[in-house]
Amino acid sequence: MDMQKKLYLETFGCQMNVSDSEKIVGLMQGIGYVETKDSAQADLILLNTCSIRAKAEQKVYGHLGKFKSLKESRPGLIIGVGGCVAQQEGEKLLKRAPFVNLVFGTHNLHQLQDMVRGAEEGRRSSATDFIDDEARFDLFLPHGREGSVSRFVTVMQGCDNFCAYCIVPHVRGREISRSAAKIVDEVRQLTASGVTEVTLLGQNVNSYAAKNPGEPDFADLLRLVAEIDGVKRLRFTTSHPKDMSQRLIDCFAEIPKLAPHIHLPAQSGSDRVLKAMNRGYTAGQYLAKVSALKKACPEIQFTGDMIVGFPGETEADFQATLDLMQEVTYADLFSFIYSARPGTAAADLPDATDPAEKQARLERLQALQKKVTLERNQSLVGTVQEVLVEGPSSSGECLFGRTGGNRATLLDGDEALAGELVKVKVVEGLQTLLKAEPL
Ligand code: SAH
Ligand code: SF4
Ligand code: F3S
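These numbers were taken from a predicted model, which means no experiment stands behind them.

A. Highlighting the packing of aromatic side chains. Using the criterion set out here, one finds seven aromatic pairs in the structure. Seen in terms of ring centroids, Phe218 and Phe236 are 5.1 Å apart; in terms of plane orientation they differ by 80°. Their pairing is edge-to-face. Residue Phe218 is found in helix H9 (residues 218-226), and its partner Phe236 is found in strand E11 (residues 233-237); the two are separated by 18 residues along the sequence. Grouping residues by exposure puts Phe218 and Phe236 together as buried. Among the aromatic side chains, those forming a connected cluster through ring pairs are Tyr208, Phe218, Phe236 and Phe252. We note Arg53 situated over the ring of Phe336; from NZ or CZ to the ring centre the distance is 3.7 Å.

In structure tokens form, the structure reads like this:
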């Protein structure tokens, strides 16, 4: 009989959580748990949660309800909640959900082994204190999941921007940058294990090391990482437009390994709304950065995020957002209806717009983007692209990879090409992917 203890881990939200989940798997392996994909088999269930919008938070409670009944049939089952909802709710969660054994915040992964051991002995616990120095990163090092050819490397955590709608600064704490030496070390280790594409990750990588005099800035960090031999392609996310310096824009012209793609969320195209959101730029300033990027790198592809229905957004404000989209022509755009979050500056703003009107605006925006995305994908037909092959496609019939512009691409070829950059010609541009032939 298999006596190994089993961990079922479910991850919600952004890449930060995905990355933390890898560390959680490593930490739990350290105390004897192996990962299972079947919650019914689990001795330990952990949810790594997201609180970015009310719906995301509700999803967590929905899942907890499901696990509650599992626990009724298996009283020894340990249930833990981590991530951004855990950070937001803290001990309240233990009270609200008596079947939950442990609650761990976004800075408390280093306590998780002890907390789980405590739960094995019947103790319930909650830990949500912030750690505001670089020690945060050292505590997080073990990675438990097998890597693909493309990996994220955290360069900073937290956010100091306090956009009026956003809960991230409240649940992730202040910006802390990791030292360049440690980042380079981690990338070297990853490349030694076969990783060829690295994405440098942070809530706002553009302000990397802004508070660490003596450390390279983000443009120089990109150069340092690009110098590592095994790195074939380099990406980063996310960029805040206000901190997008000309030095960083120039990197797209000067660093051949830097992929021609940038995720540059505008959030709105209306100056009035941008001001109320505390974004620190106007639509004109945003578009000037877009033009400078296009000048530095004519093939660059843009993706972004937009919020519709921010309190007080008028039809004219919304039209300004559509105008900005048309000017940028995003390859892809993530769009959301504004959701009031506890403790944020916008939470108490009067919001008279009918929810049905907000929904209608979202649908108009998404219809426009769908059209632009298809047109852009079709415009790539006949062009030569470099695809980094990630492995077999989900159907197993061909290979899956991404262009430098981050377009999902299907191509024929041998599985041994995983991790390689392959030159292809695009033969078809569909709504969500390209089809290509190797040259
Ligand atoms: N740090 C990143 C992303 C943060 S969250 C950045 O600054 O770009 C990802 C996206 O969720 C945001 O860009 C924003 O578009 C959206 N978002 C954040 N808070 C939201 C809220 N309260 N309601 C609706 N969408 C929100
Ligand atoms: Fe949230 Fe703004 Fe920080 Fe992004 S930059 S995480 S949207 S506060
Ligand atoms: Fe969600 Fe937390 Fe990321 S709120 S989007 S998981 S930082």
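B. Up close: helix H12 (residues 283-296). An ideal rise of 1.5 Å per residue puts 20 Å on 14 residues; H12 measures up with 20 Å between its terminal C-alpha atoms. Within H12, burial applies to Ala283, Tyr286, Leu287, Val290, Leu293 and Ala296. Structurally, H12 contributes buried residues whose contacts are with helix H10 (246-254), strand E12 (261-263), helix H11 (271-276), strand E13 (301-308) and helix H13 (315-328).

C. Just the site of ligand 1, in detail. Taken together, 14 residues sit near ligand 1, with Tyr165, Gln203, Gln267, Asp305 and Ser339 positioned nearest. Contacts to ligand 1 include Gln203, whose side-chain N or O atom sits 2.8 Å from a nitrogen atom. One of the backbone nitrogen or oxygen atoms of Ser339 is found 2.8 Å away from a nitrogen atom of ligand 1. For ligand 1, the protein covers 88% of the area, taking 540 Å² as the surface of the free molecule. For the shell around ligand 1, a count of residues per class yields seven nonpolar, four polar and three charged.

D. How the structure looks around the site of ligand 3. Around ligand 3 sit Cys14, Asn17, Cys50, Ser51, Ile52, Cys84, Arg172 and Gln203, and those are all the residues in its vicinity. Residue classes in the shell around ligand 3 are distributed as four nonpolar, three polar and one charged.

E. Summary view of unusual backbone geometry. Cis geometry marks the peptide bond from Thr237 to Thr238; its omega dihedral reads 0°. Tracing the chain through its elements places Thr238 in the loop between E11 and H10. Non-glycine residue Phe162 carries a positive phi angle of around 50°. For Phe162, the location among the structural elements is in the loop between strand E8 (156-157) and helix H7 (168-172). Unusually for a residue other than glycine, Thr329 sits at a positive phi of about 50°. Mapped onto the fold, Thr329 is located in the loop between H13 and strand E14 (332-337).

What counts and how
Residues numbered from 1 in each chain as written. Chains lettered and ligands numbered in written order. Predicted model: local features only at pLDDT ≥ 70, side-chain atom pairs only at ≥ 80, totals over all residues. Heavy atoms only, no water. Phe/Tyr/Trp six-rings, centres within 6.5 Å; stacked < 30°, edge-to-face > 60°. Helix = DSSP H or I, 4+ residues; strand = E, 2+ residues; numbered from the N terminus. Buried < 20%, exposed > 50% of the residue type's maximum accessible area, 1.4 Å probe, protein only. Lys NZ or Arg CZ within 6 Å of the ring centre and 35° of its normal. Expected span 1.5 Å × (residues − 1). Contact = heavy atoms within 4.5 Å. Near = heavy atom within 4 Å. Polar contact = N/O pair within 3.5 Å; in protein donor to acceptor, adjacent residues only side chain to side chain. Areas by Shrake-Rupley, 256 points an atom, 1.4 Å probe, with all protein chains shown as cover. Nonpolar A, V, L, I, M, F, W, Y, C, P; charged D, E, K, R; others polar.

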